Amino acid sequence: IRGYVSSAGVRMPDRLNIGFYGETATLGDLLLILLDTPEGVTELMCHPAEIDAELRATSGYVHPRKAELDALTHPSAREVLNSEFIQLVNFGDLK
């Protein structure tokens, strides 16, 4: 798949981490993921959000989104990002 996607010019990270979801969307789990992230580009699957009426009406995945947001914006997450020299990028930054 990687070869096909690459030949089509689609940018992809080196790996995808799907471990930050549901019950494992905690600050502790996020910090462990960050500390264990290898060199290269890793996409961290997440769906952070503030909970509002529209989200409640349109999604079955509601309350964990707030937990994800809280963990992702916690000062400890930024400290680990800095100490591990992890740079946050978007898909436009991929080569």
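Shown above is the structure to which this text applies.
Residues numbered from 1 in each chain as written. Predicted model: local features only at pLDDT ≥ 70, side-chain atom pairs only at ≥ 80, totals over all residues. Heavy atoms only, no water.

1. Things to note about the overall build of the chain
Thought 1: Helices and strands together make up the secondary structure of the chain, namely five helices and two strands.
Thought 2: Walking the chain from its N terminus toward its C terminus, one meets helices and strands in the order α-β-α-β-α-α-α.
Thought 3: C-alpha atoms of the chain, sized along the principal axes, occupy 40 × 35 × 20 Å.
Thought 4: Across the 95 residues in the chain, those meeting the buried criterion constitute 22%.
Thought 5: Sequence separation of 24 or more characterises 62% of the internal contacts of the chain that already satisfy a separation of 6 or more.
Thought 6: Carbon and sulfur atoms provide 55% of the accessible area of the chain, an area that totals close to 6,700 Å². (Helix = DSSP H or I, 4+ residues; strand = E, 2+ residues; numbered from the N terminus. Buried < 20%, exposed > 50% of the residue type's maximum accessible area, 1.4 Å probe, protein only. Contact = heavy atoms within 4.5 Å. Areas by Shrake-Rupley, 256 points an atom, 1.4 Å probe, with all protein chains shown as cover.)

2. As for the side chain of Ser 59
Thought 1: Tracing the backbone through its elements, the reader meets Ser 59 in the loop between helix 3 (53-58) and helix 4 (63-72).
Thought 2: A polar atom in the side chain of Ser 59 sits 2.9 Å from the backbone nitrogen of Tyr 61.
Thought 3: Here Arg 65 takes part through its side chain, which lies 3.3 Å from a polar atom of the side chain of Ser 59. (Polar contact = N/O pair within 3.5 Å; in protein donor to acceptor, adjacent residues only side chain to side chain.)

3. Let's talk about helix 2 (residues 27-35)
Thought 1: The set of residues buried in helix 2 consists of Leu 30, Leu 31, Ile 33 and Leu 34. The buried residues of helix 2 occupy an angular sector of 160° when the element is viewed end-on, so they sit on one face. (Arc of directions from axis to C-beta.)

4. Points about the nonpolar core
Thought 1: Grouped together as the largest cluster of nonpolar side chains are ten residues: Phe 20, Ala 25, Leu 30, Leu 31, Ile 33, Leu 34, Ala 71, Ala 77, Val 80 and Leu 81.
Thought 2: Those elements that place two or more of their residues in this core are helix 2 and helix 5 (75-83).
Thought 3: Top contributing element to this core by residue count: helix 2, with four residues.
Thought 4: Beyond its immediate stretch of four places on either side in the chain, Leu 30 contacts Phe 20, Leu 44, Ala 71, Leu 72 and Ala 77. (Core = buried A, V, L, I, M, F, W, Y, C linked by side-chain atoms within 4.5 Å.)

5. Overview of the packing of aromatic side chains
Thought 1: Inspection of the entire model under this criterion finds one aromatic pair.
Thought 2: Measuring from centroid to centroid gives 4.4 Å for Tyr 21 and Tyr 61, while their planes differ by 5°, and the two rings are stacked. Of this pair, Tyr 21 sits in the loop between strand 1 (15-17) and helix 2 while Tyr 61 sits in the loop between helix 3 and helix 4, placing them 40 residues apart in sequence.
Thought 3: You can call Tyr 21 partly exposed: its relative accessible area is 38%. (Phe/Tyr/Trp six-rings, centres within 6.5 Å; stacked < 30°, edge-to-face > 60°.)

6. Remarks on the pattern of salt bridges
Thought 1: The final tally for this structure, using the stated rule, is two salt bridges.
Thought 2: Measuring nitrogen to oxygen at the nearest pair gives 3.8 Å for the salt bridge that ties Lys 66 to Glu 50. Here Lys 66 is found in helix 4, whereas its partner Glu 50 is found in the loop between strand 2 (42-44) and helix 3, with 16 residues between them in sequence.
Thought 3: Residue Lys 66 is classed as partly exposed on the basis of its relative accessible area, which comes to 28%.
Thought 4: Across the pair Lys 66 and Asp 70 runs a salt bridge, and its minimum N-O distance is 2.8 Å. Linking Lys 66 with Asp 70, this pair stays in helix 4, spanning four residues, or about one helical turn.
Thought 5: Where salt bridges share partners, they join Glu 50, Lys 66 and Asp 70 into one cluster. (Salt bridge = Lys/Arg side-chain N within 4 Å of Asp/Glu carboxyl O.)

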